[in-house]
Each structure stands twice: as C-alpha cells, then as structure tokens.
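# Geometric and topological summary
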Amino acid sequence: MTTDHEERVRERPGHRWHLPAGSAAEGPYALDIDPKRAGWDRSSLRVVELRPGGVHTLVTGESEWIVLPLTGGCTVHTSGDIFELLGRESVFSGVSDFAYVPRDAHAQIASGAGGRFALAGAKCERRLPARYGPAPEVPVELRGSGTCSRQVNNFAAADTFECDRLIAVEVLTPGGNWSSYPPHKHDEHRPGVESVLEEIYYFEIEERDGTAGFGYHRVSPSRPGGTDVLAEVRGGDAVLIPDGWHGPSIAAPGHTMYYLNVMAGPGEQREWLISDHPDHGWIRDTWPAQPVDPRLPLPGLPGPAGISGQEATR
C-alpha cells in the first residue's frame, strides 16, 4: 500500500531521483541505495534499524564504509578492531562519533539499546585501515547568514578525515531557512574549479509537538535532459543527484531540517569543488552584512568560539 506522500511524488516529474521513505527499503535496510539502484558508479547509502540487542553484519565488498549513528549507540567489530560508538539521542541533539570500515572486510554492528545507523559507502580502490572518529574532533561550521544560515558537521569532508573516495557531511537547517544555496553543481571535471561527484541527500525532519515536519528540495538541469526534481521531502526520504544544480533545501518554519550528504567520484583527487549557479551566486555578497541565525549552533554543541565559519555553499 502506498502513502499519499508517495502518490504525490509519483505524479511529479523527477520521481526517479526522489525516493520517499520506505520506497528504497531492502532486506534489513530501511533505505538501501547502491550504485546499481542509483544508476551510477560509486556512491552508496544504507540505513539499518536495530532493535535492542540487535546485530547486523556488513560485508563491505569493493566499497569503504562509515558507520554513523543517527539514534542510539553501537559496537562495531571489524578486522580485529572494536569501536564503541556512543552515538546520540537524535541527529538534532549533537554530533556523533563514527567508525570507518575498509573495503574487503566484514563488520558486525551490535546495539544493546537499539538504534538507527547510517552506512555511508563508496566504491574505492585503496584499502585503508579501520579507524574510530571521535565526536569532539568533528569540525563544525556555521555557513551563510540570515535566512541562509546553516550548520555543517564535517565528519568525513575531503579535508578532515581520510578516505579513498568517500566524502560525507551532515547539514542542519533551522526552520524557515534555506541551505544548499546558492544552487551549485559538481558534474564536470574542471581541474581546480569543479569535480565530478555523485551525491545522495538523506533527510530527517524534526518533529514539533508530535507533528511531523517537511521541507522542499530542488535540483535543476545543468544540461539538456539533465536531472530535474522539485520534491516535498519528509523524514526518511532521499534524493539522488547524478548531475545538475542542487539547491535550495528549504526547511518549513518550526521544523529543523537535517540531511546527510554522501558523495564519491572518479577523479584522481578526493576533493569537493563546486560551481555556483550564475544567476544566484550574488547572494553571497549579502551575507557579511547579516548576522548568523541566533538559533545556531544547535544545542549540545560548543559555542561560536569553538566553531568555524566560511562562505561555502552546502
């Protein structure tokens, strides 16, 4: 049985790239996006939900993976290493620790109290060592200003945590604000200017007084016949971005929007290089004259003195 939300999505162009919650479930996963399902070469994302005492086995194959708690904590056993992840109450309560699991490995994920865990992956060539990522070492940035203010948790950004191909960050947007703005793209190889990256957006929306929130996400074509999406997104939805200008992501007033970005590409360098949409890049010039949204940083994080800021797009 389909929900009203799923039916609305199917009535609009671009539904191939918008995956409503539950529509990409497979086996033990509430969300299972691999290169074959996405129609590309490298990027993957899975969400596994474990009951108290639950155990899940991950066979990494040709991909490297990061185990990231969304709710709850877990223990990750892999290649003789044991990583205790404290996790968090929710994605809106703070930054989480995480574990990196290399390709050609088996990992066992066990949770005594239960929880939900994102598995962000990328097909890769090098086999790096398994590692633990402590929450206090995750760089947190406040980007933009005014109604473009958002918070970025750079736990596996290209310049913060070593992976072979995988790039992954979390973005939190206060209700009423726009993020991923100005629209940007990374679908052309232009050395030093733009890199080619396949990208997944996975959304969670903060509930308020028991009411589920929502938001909107836009992807517009950067070439004839390119990706074109205007989606109402809710908790558990995902949007696939093989190409195109993506943004804005708009949070409905009263509901903080979270999204997890998972990216990978074919370039020799693991780097996130973007081009702003030429019609909208001017918005950056207005940011220095406006304060950052006072709702940021979100609770559970250090004050502004412990957080960096930059005029990035995401």
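Calculation criteria
Residues numbered from 1 in each chain as written. Predicted model: local features only at pLDDT ≥ 70, side-chain atom pairs only at ≥ 80, totals over all residues. Heavy atoms only, no water. Helix = DSSP H or I, 4+ residues; strand = E, 2+ residues; numbered from the N terminus. Polar contact = N/O pair within 3.5 Å; in protein donor to acceptor, adjacent residues only side chain to side chain. pLDDT = per-residue confidence, 0-100. Contact = heavy atoms within 4.5 Å. Core = buried A, V, L, I, M, F, W, Y, C linked by side-chain atoms within 4.5 Å. Buried < 20%, exposed > 50% of the residue type's maximum accessible area, 1.4 Å probe, protein only. Pairing = 2+ DSSP bridges. Phe/Tyr/Trp six-rings, centres within 6.5 Å; stacked < 30°, edge-to-face > 60°. Lys NZ or Arg CZ within 6 Å of the ring centre and 35° of its normal.

## Points about the side chain of D164
- Of note, D164 is situated in the loop between β12 (150-156) and β13 (167-173).
- Here R126 takes part through its backbone nitrogen, which lies 2.9 Å from a polar atom of the side chain of D164.

## Observations concerning the confidence of the model for the protein
- Across the protein, the average pLDDT comes to 92, with 90% of residues at 70 or higher.
- Ignoring residues within four places in sequence, the model shows residues 1-14, a span with pLDDT below 50, making 24 contacts including any to other chains.

## Some details on the nonpolar core
- Within the largest apolar cluster, 57 residues are counted, with the highest numbers of intra-cluster contacts made by L45, I66, F155, Y258 and L260.
- Per-element tally for this core: the top contributor is strand β21 (residues 257-264), with 6 residues.
- Formed by 18 residues, the second largest nonpolar core is a distinct cluster that contains V48, V67, C74 and A107.

## Examining the pairing of β13
- Burial analysis of β13 places 7 of its 7 residues in the buried class, which makes it a mostly covered element.
- Here β13 shows a buried face lined by I167, V169, V171 and T173 and a second buried face lined by A168, E170 and L172.
- Of the pairings in the sheet, the one linking β12 to β13 comprises 4 bridges and is antiparallel in character. When the bridges of β13 are listed, V152 appears paired with V171.
- Summarising the sheet, β13 and β21 pair through 7 bridges and their orientation is antiparallel. What sits directly across from A168, in β21, is V262.

## Comments concerning the packing of aromatic side chains
- Across all of its chains, the model carries 8 aromatic pairs by this definition.
- On the numbers, 5.1 Å between centres and 90 degrees between planes, the contact of W178 with Y181 is edge-to-face.
- Both rings, one in F214 and one in Y216, keep their centres 5.8 Å apart while their planes meet at 90 degrees; by these two values the pair is edge-to-face.
- For F214, a relative accessible area of 28% gives the class partly exposed.
- Clustering of aromatic rings is evident, with ring pairs tying together F98, Y100, F155 and F161.
- A cation over an aromatic ring shows up here: R131 above the ring of Y100, its NZ or CZ 4.5 Å from the ring centre.
- Seen from the ring of W245, K185 lies directly overhead, with NZ or CZ sitting 5.6 Å from the centre.

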